[in-house]
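Working through the structure, step by step
Here is what each chain is made of, one letter per residue.
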Amino acid sequence: MPLRDNPLGELKVPLTWTAGIAFIVVLIVAVAALLSDRREAFDTDEYGNPRTLSDRVLAPVGEIASAPGRLTGQGVEGVRGYFFAVSENRRLREELEKARRWQEIAVSLQDTNERYRAILGLKTDPPIPMASARVVTDSRGPFAQSRLANAGTERGIKPGNPVMSENGLIGRVVGAGQGVSRVLLLTDPASRTPVMIDRTNSRAILTGDGGPNPRLEYLRGSAAVREGDVILTSGDGGLLPRGLPVGVAVRGLDGRWRVALAADKAPVDYVRILLFEDFTQLARTQNLTPSGAPPPTPGAETLPPPPRLVAPPPKAATPAPKAGASAPAAPPASNGATPPAKAAPSPGGGR
Amino acid sequence: MTGSAARGLPPWRWLGVPMLQVMAVTFVFALPLRFWGLSLPEPLFAMPVVFAWAVIRPAMLAPPAALLLGLFLDMLWGTPAGFWAVCLLLPYGLVLGGRGMLAGQSQLIMWAWYAAATGMALGSGYLITMLETQVAPDPISVGWQFLATVILYPFAHRLIDRFEDADVRFR
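Residues numbered from 1 in each chain as written. Chains lettered and ligands numbered in written order. Predicted model: local features only at pLDDT ≥ 70, side-chain atom pairs only at ≥ 80, totals over all residues.

It is worth spelling out the pairing of strand β12 (residues 270-274) of chain A at this point. Residues and elements named next belong to chain A. Note: strand β1 (residues 130-138) against β12, five bridges, orientation antiparallel. Residue Arg-134 lies in a different strand from β12, and its bridge partner there is Tyr-270. Where strand β3 (residues 162-164) and β12 come together, two bridges link them in antiparallel fashion. Residue pairing across strands places Val-163 opposite Ile-273, the latter belonging to β12. (Pairing = 2+ DSSP bridges. Helix = DSSP H or I, 4+ residues; strand = E, 2+ residues; numbered from the N terminus.)

Structure representation (structure tokens):
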């Protein structure tokens, strides 16, 4: 249809003004959306239905789209493995020799550890179930660093669950839907993780800033950390279990203490999502592994017996022992009024 | 002149198709692919398109299209909803306001304008992230994204070249 025949062809619209008005209206809408969203919220409702829906759409599409690259990578690895099989075999034999020596040490240490636990009456962490997942999308920008993993609520994954690669912690789940979960990486500017320096037991908060090495903030003391110190999760606050490997301390170009993440040693294609919630799951005593005192090793030195506490005069009903009372409990009274020796942990502590 | 050239330029050709192309390319670059052990960069592919929209002509549909692009980036990259929409709309407004100065400029000057618009987008992202998380983003990472985005100007130039004079009503 020629332009002159179109009834709207002669319509003169002040285009610049209408475009300007449209721009202002849309900008207001965008600012309102920005003000109403918070990415640090770990509640599924706060994460938002549109975001959950988009994640559910993006995850399968990402899985299909990344399949050619993944298969090509596997093919290349297969060819490389074929050509370097001999050197790989030699390297693995050496590693196996080392691992066998470490295994002997580990068995001995485990034995010692169990004795100490039994003597001190320590409550041990329950085994944490986990779910494996594959990474299907990956954002690496300076303002947001997160990944979508192809496992979600159907596997019991919830916001707050820690996420690890085979080398160390990479972040935690901030949103979960059917078949998908979004993982906020330790390097995201919104990420805050309580950590400790293994050597000095000092505490710090690992703060992401969009760079490859997150910062160690709120460090106390002048010699709390030095180059190469191993950084672990502290478990403070109950969001993460204690002792997950995070990385090693390094001095940044800006003079700040930073962490070279252990997870960066290898590409993160698969992740393990720990179905850890908080300390309240410690109360499920049936999940605790039985840790009775092992028999003493014949001929080995033994620790002196633990000091016996002077028991208070017996009452009609003995109150339940408080959490954190780590001293060995007195033998139960024969009347059966004393509750079991295992105490219920107090919320947020008792580790 | 052929009949098709005499017709007005439909919005889907200069707004819809580039928007879908940007979404597709951004999604591909968000896949966990690596070449020789290195992951892909993460440029702001939406920037050349938004810059070209502002240069080509004022339009009522361009800001909503920029909003949609921004929301898509938020959903894909995990930024708060509205983050990239604001970061894209601010340079769009700047370029739209300065269209008169851009008319007839050489490609090099246009590239400089594009770099300024990109700087404004990433600068607003920097400030919004600082306000939201109380942490200054790593300037080196921001710099890398800036460089990866600035080298995309030829795509904006191609869009401008193709559509700036394509609608007879605006000649």
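Continuing now.
Looking now at helix α9 (residues 153-163) of chain B. All names here are of chain B. Among the residues of α9, Tyr-153, Ala-156 and Ile-160 are the ones counted as buried. Summarising the axial view, the buried residues of α9 lie within an arc of 60 degrees, below the 170-degree limit, and thus occupy one face. Facing away from the buried side of α9 by more than 90 degrees, the exposed set consists of Pro-154 and Arg-158. Tucked inside the fold, the buried residues of α9 contact α3 (46-56), α7 (107-133) and α8 (139-150). (Buried ≥ 20, exposed ≤ 12 C-beta atoms within 10 Å, placed from the backbone. Arc of directions from axis to C-beta. Contact = placed C-beta atoms within 7 Å.)

Detailed reading of the predicted model is not advised wherever pLDDT is low. Residue and element names in this part refer to chain A. Residues at a pLDDT of 70 or more form 72% of chain A, whose mean pLDDT is 78. Across chain A, strand β11 (residues 257-261) holds the top mean pLDDT of 94, while helix α2 (residues 44-47) sits lowest at 59. Long-range and interchain partners of residues 315-351, a stretch whose pLDDT sits below 50, account for 46 contacts in this model, where long-range means more than four residues apart. (pLDDT = per-residue confidence, 0-100.)

The next subject is the packing of α7 of chain B against α9 of chain B. All names here are of chain B. Interhelical geometry of α7 versus α9 gives an angle of 115 degrees and a closest axis separation of 10 Å. The handedness of the crossing between α7 and α9 comes out as right-handed. Contact with α7, carried on its side by Gln-107, Met-110, Trp-111 and Tyr-114, involves Tyr-153, Ala-156 and His-157 of α9 and no other residues of that element. For the contact of α7 with α9, the residue count by class is five nonpolar, two polar and no charged. (Axes fitted to C-alpha atoms, helices over the stretch in contact; angles between N-to-C directions. Left-handed = near helix turned anticlockwise from the far one by under 90°. Nonpolar A, V, L, I, M, F, W, Y, C, P; charged D, E, K, R; others polar.)

All names here are of chain A. Here helix α1 (residues 15-35) is 21 residues long and its end C-alpha atoms lie 30 Å apart, about the 30 Å a rise of 1.5 Å per residue gives. Taken together, the buried positions of α1 are Ala-19, Phe-23, Val-26, Leu-27, Ala-30 and Leu-34. Taken around the axis of α1, the buried residues stretch over an arc of 110 degrees, which confines them to a single face. Turned more than 90 degrees away from the buried face of α1 sit Trp-17, Ile-28, Ala-32 and Leu-35, all of them exposed. (Expected span 1.5 Å × (residues − 1).)

Let's shift gears to the interface of chain B and chain A. Opposite the 44 residues of chain B that make contact, chain A presents 44 residues. Sorting the residues of the side of chain B that touches chain A by element identifies α4 (62-77), α5 (83-97), α7 and α8 of chain B as the ones contributing at least two each.

Attention now moves to the environment of Gln-178 of chain A. Residue and element names in this part refer to chain A. Looking at where Gln-178 falls in the secondary structure, it is placed in the loop between β4 (169-177) and β5 (180-185). Gln-178 gets classed as exposed once you count the C-beta atoms within 10 Å, which come to 11. Residues Gln-178 and Asn-150, spaced 28 residues apart in sequence, show a C-alpha to C-alpha distance of 9.1 Å. When sequence neighbours within four positions are dropped, the list of residues in contact with Gln-178 reads Arg-56, Gly-152, Thr-153 and Glu-154.

With antiparallel pairing, the six strands of this closed barrel are ordered in space as β1-β2-β5-β4-β3-β12 (chain A). Within the sheet, the average angular offset between the axes of one strand and its neighbour, ignoring direction, is 40 degrees.

Before going further, it helps to examine the pairing of β4 of chain A. On a regular strand, one side chain projects to one face of the sheet and the next to the other, so that they alternate. Residue and element names in this part refer to chain A. Across the nine residues that make up β4, a large majority, nine, are buried. Inspection of the sheet shows β3 paired to β4 by three bridges, in the antiparallel sense. Counterpart to Met-164 in the pairing with β4 is Leu-169. Connecting β3 to the antiparallel partner β4 that follows it, the hairpin turn spans four residues. Strand direction decides the pairing type here: β4 and β5, joined by six bridges, are antiparallel. Counterpart to Val-173 in the pairing with β5 is Val-183. Here β4 folds back onto β5, and the loop between the two strands holds two residues, one of which, Gly-179, carries a positive phi near 80 degrees.

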